[in-house]
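Chains, contacts and geometry: an overview
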Amino acid sequence: VLAPLLTGSAVSLEGLTKAAKIIRQISSGPNPDLRFLHMLVNNVDMRTHFGKTCMSQLRSQFGNEQVFNTYIPASAAFQHAEAMRRTLIRHASNSNASKGYRDLAQDLTMILEAEA
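Residues numbered from 1 in each chain as written. Predicted model: local features only at pLDDT ≥ 70, side-chain atom pairs only at ≥ 80, totals over all residues. Heavy atoms only, no water.

**Concerning the packing of aromatic side chains**
Inspection of the entire model under this criterion finds one aromatic pair. Taken together, a centroid distance of 6.3 Å and an interplanar angle of 85 degrees make the contact between F78 and Y101 edge-to-face. Of this pair, F78 sits in helix α3 (residues 77-83) while Y101 sits in helix α5 (residues 96-115), and the two are 23 residues apart along the sequence. Take F78: its relative accessible area is 27%, and that puts it in the partly exposed class. Classification of Y101 as partly exposed rests on a relative accessible area of 33%. (Phe/Tyr/Trp six-rings, centres within 6.5 Å; stacked < 30°, edge-to-face > 60°. Helix = DSSP H or I, 4+ residues; strand = E, 2+ residues; numbered from the N terminus. Buried < 20%, exposed > 50% of the residue type's maximum accessible area, 1.4 Å probe, protein only.)

Okay, structure coming up:
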């Protein structure tokens, strides 16, 4: 399971906690292969103290092995792409947000290859 987390959202963090509990329940019963892979942190603004603090706290609380190295930066390109009914990559392929998703794909590939 890849778990998305919206930076600075208490509701998102609560949802992650509940999801982790459900994953543990399912993996101890009907699907022993189900497991939590990594947390994907979205909407991060590392230019701010708040963004840096959130990332630091998440890594401290959950451990580096639970949080992707890559995070998805905050970007107005998301709203623009949605308004135009286009994917982010098609709308703003050179944006930092698009780069974040490409980097995420590389991180995920490396993790899955290491486990194979």
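**Digging into unusual backbone geometry**
In this structure, N43 takes a positive phi of about 60 degrees despite not being glycine. Within the fold, N43 resides in the loop between β2 (38-42) and α2 (49-62). Unusually for a residue other than glycine, R85 sits at a positive phi of about 55 degrees. Positionally, R85 belongs in the loop between α3 and α4 (88-91). Look at R85 and you get exposed, because its relative accessible area is 79%.

**Comments concerning the pairing of strand β1 (residues 2-6)**
Because side chains alternate across β1, one face comprises the buried residues A3 and L5, and the other comprises L2, P4 and L6, none of which is buried. Here β1 runs beside β2; their pairing, made up of five bridges, is parallel. For A3, the partnering residue across the bridge sits in β2 and is M39. For the handedness criterion, the β-α-β arrangement of β1, helix α1 (residues 10-27) and β2 is classed as right-handed. (Pairing = 2+ DSSP bridges. Right-handed = clockwise from strand over helix to strand, strands pointing away.)

Function-wise, these values are silent; they only describe arrangement.
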